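# Observations on chain architecture
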Amino acid sequence: MYTHKICLENNVAGMQHIGLPVRDMDTTVAFYQKLGFAILWQTELNGAPVCFLRGMGITVEAYLSGDATGGAGALDHIALSVGDIDRAWDDISKLGLIPDGESIHTLPFFDRGVKYFTIVGPNAEKIEFNQIL
């Protein structure tokens, strides 16, 4: 029985983005633009393009990857937006859900960067807790 109550509901503001590894960035951007998405942010990470697309209240983080499956199940992660990444880490740690070797990471995305960490659900789904700084 679940007995430990954490304060995630006071820290998580909802889904931040869906991580989508892609084989062709230009085709992906054109497809989502046809659906009404606009480019929110573009950059490169380790020489590979990353593009955040926003539309209909949804953000898709498309990133070029040789591991893109190109088939069903192609999503890599669901990211939740948090106001305090350290508090989220503490709450999730108390539940025993932090994988061995995981830590809070930083990336140079958006104006001041992001901090995030990832856990893995019972179906191997990745859930990212992400704070835009």
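Nothing here was measured: the structure is a model prediction, and the numbers come from that model.

## Examining the packing of aromatic side chains
All chains considered together, the criterion is met by seven aromatic pairs. On the numbers, 5.2 Å between centres and 80 degrees between planes, the contact of Y32 with F37 is edge-to-face. Exposure class is identical for Y32 and F37. Each is buried. Grouping aromatic residues by their ring pairs yields a cluster made of W41, F52, F109 and F110.

## Comments concerning a nonpolar patch on the surface
Together, M15, F31, L35, M56, I58 and I78 give the surface a local cluster of nonpolar side chains, amounting to about 590 Å² of exposed area. Of note, I78 is situated in strand 5 (residues 77-82).

## Observations concerning the pattern of salt bridges
Counted under the stated rule, the structure contains one salt bridge. We note a salt bridge from K126 to D76, for which the minimum N-O separation is 2.8 Å. Here K126 is found in strand 8 (residues 126-132), whereas its partner D76 is found in the loop between strand 4 (58-64) and strand 5, with 50 residues between them in sequence.

## A look at the pairing of strand 5
In this sheet, strand 5 lies alongside strand 1 (residues 12-22) in antiparallel orientation, the contact comprising six bridges. Paired with H17 across the two strands is A79, which belongs to strand 5. In this structure, strand 5 lies alongside strand 8, joined through five bridges in parallel fashion. Pairing of H77 across the sheet is with K126, part of strand 8.

Parameters and conventions
- Each chain has its residues counted from 1, following the order in which its sequence is written.
- Local features in this predicted model are restricted to residues of pLDDT 70 or higher, and side-chain atom pairs are both shown and tallied only at a pLDDT of 80 or more, whereas totals for entire chains, interfaces and linings draw on every residue.
- Here the side-chain values reflect all heavy atoms present in the structure, with hydrogen atoms and water set aside.
- Between rings of Phe, Tyr and Trp, where Trp is taken as its six-membered ring, a pair exists when centres lie within 6.5 Å; planes separated by under 30 degrees are stacked, by over 60 edge-to-face, and by other angles tilted.
- Note on classification: 1.4 Å probe, protein chains only; a residue is buried when its accessible area is under 20% of the maximum for its type, exposed when over 50%, partly exposed between these limits.
- Patch definition: residues with relative accessible area over 30% and no salt bridge; like charges joined within 9 Å; nonpolar side chains (Val, Leu, Ile, Met, Phe, Trp, Tyr) joined within 5 Å.
- Only the protein chains shown count as cover for residues, and the accessible areas themselves come from Shrake-Rupley with a 1.4 Å probe.
- Here, a salt bridge means any side-chain nitrogen of Lys or Arg that lies within 4 Å of a carboxyl oxygen of Asp or Glu.
- Numbering of helices and strands runs from the N terminus; a helix is a DSSP stretch of H or I covering at least four residues, while a strand is a stretch of E covering at least two.
- A strand pair is defined by DSSP finding two or more bridges across the two strands.

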